[in-house]
Amino acid sequence: MPSITLARNAGHGKAVNVLLWIAQSLLAALFLFAGVAKLVMPLGPVAQMTGFPVAFLRFIAVAELLGALGLILPGVLRIRPALTPLAAIGLVGVMTGATVATIVAQGIAPAVFPFVVGIVLTTVVRGRRSWAQGHGPSRRRLQAPAQLTAPAARQAALVPYTCRSGLSPSDV
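Residues numbered from 1 in each chain as written. Predicted model: local features only at pLDDT ≥ 70, side-chain atom pairs only at ≥ 80, totals over all residues. Heavy atoms only, no water.

## Re the overall build of the protein chain
Part 1 of the argument: Per the secondary structure count, the protein chain includes seven helices and zero strands.
Part 2 of the argument: Going from N to C terminus, the protein chain has its helices and strands arranged as α-α-α-α-α-α-α.
Part 3 of the argument: Counting all 172 residues of the protein chain, 24% fall into the buried class.
Part 4 of the argument: Taking contacts inside the protein chain between residues at least 6 apart in sequence as the whole, the part at least 24 apart equals 63%.
Part 5 of the argument: A total accessible area of about 12100 Å² is found for the protein chain, and carbon and sulfur atoms account for 70% of it. (Helix = DSSP H or I, 4+ residues; strand = E, 2+ residues; numbered from the N terminus. Buried < 20%, exposed > 50% of the residue type's maximum accessible area, 1.4 Å probe, protein only. Contact = heavy atoms within 4.5 Å. Areas by Shrake-Rupley, 256 points an atom, 1.4 Å probe, with all protein chains shown as cover.)

## Details of the packing of helix α4 (residues 83–106) against helix α5 (residues 112–127)
Part 1 of the argument: Closest axis-to-axis distance for the α4/α5 pair is 8 Å, and the angle between their directions is 160°. Between α4 and α5, the interaxial angle falls into the category roughly antiparallel. Crossing angle aside, the handedness with which α4 passes α5 is left-handed. Residues P85, A88, I89, L91, V92, M95, A98, T99 and T102 of α4 form the contact with α5, whose own contacting residues are P114, F115, V117, G118, L121, T122, V124 and V125.
Part 2 of the argument: Taken together, the residues of the contact of α4 with α5 break down into 13 nonpolar, four polar and no charged. (Axes fitted to C-alpha atoms, helices over the stretch in contact; angles between N-to-C directions. Parallel < 35°, antiparallel > 145°, perpendicular 65-115°, else oblique. Left-handed = near helix turned anticlockwise from the far one by under 90°. Nonpolar A, V, L, I, M, F, W, Y, C, P; charged D, E, K, R; others polar.)

## A look at α5
Part 1 of the argument: Its 16 residues give α5 an end-to-end C-alpha distance of 22 Å, which sits within 8% of 22 Å, the value for a rise of 1.5 Å per residue.
Part 2 of the argument: Within α5, the full set of buried residues consists of P114, V117, G118, L121, V124 and V125. In an axial view of α5, the angular spread of the buried residues amounts to 115°, which keeps them on one side of the axis. In α5, the exposed residues that point more than 90 degrees away from the buried face are F115 and R126. (Expected span 1.5 Å × (residues − 1). Arc of directions from axis to C-beta.)

## Here's the deal with the packing of aromatic side chains
Part 1 of the argument: Taken as a whole and assessed by the stated rule, the structure comprises three aromatic pairs.
Part 2 of the argument: Consider the rings of F52 and F56, whose centres lie 5.3 Å apart with planes at 45°: the pair is tilted.
Part 3 of the argument: Residue class for F52 comes out partly exposed when judged on its relative accessible area of 31%.
Part 4 of the argument: One aromatic cluster in this structure is built from F52, F56 and F59.
Part 5 of the argument: In this arrangement the basic side chain of R128 is found over the ring face of W131, its NZ or CZ atom lying 4.3 Å from the centre. (Phe/Tyr/Trp six-rings, centres within 6.5 Å; stacked < 30°, edge-to-face > 60°. Lys NZ or Arg CZ within 6 Å of the ring centre and 35° of its normal.)

## Structural notes on the environment of A82
Part 1 of the argument: Along the polypeptide, A82 turns up in the loop between α3 (54–77) and α4.
Part 2 of the argument: A82 sits 53 residues away from H135 along the chain, and the two C-alpha atoms are 8.6 Å apart.

Written as structure tokens, this is what we have:
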């Protein structure tokens, strides 16, 4: 029965990966829309309603756009996938601020949406933490290490051993 367990675990990992990609795509669409809207529309009325300066709202817009790109592009292009959880962490910060600002300005009920978005972002951070540890999608399949040729093996044997302190065995 071990093979059944392994197959079930492999399928579970694939399902989780698909769910994470769906979440990342929806979040990226949300933040792209929000960021573009803040950059395109006049922010004078929004700044008066929220009490935040227009420059700060533009900064949030740029952060949302960069975060949206960071949720998708590193994994799709397979270039520095460790940036995906970092982008999600940055967006968690944005959504934490949005939740607090909404509670202060409008009450708890309207703050539920930014809070839930922050929870989903936290799930992406946890789900993609292996990418931050260097286990992200790679461009090519891993290959078995090449066998050392006889001259390379002799050369490797001639390299002196050093420990962390920088001392070699002959120094001790």
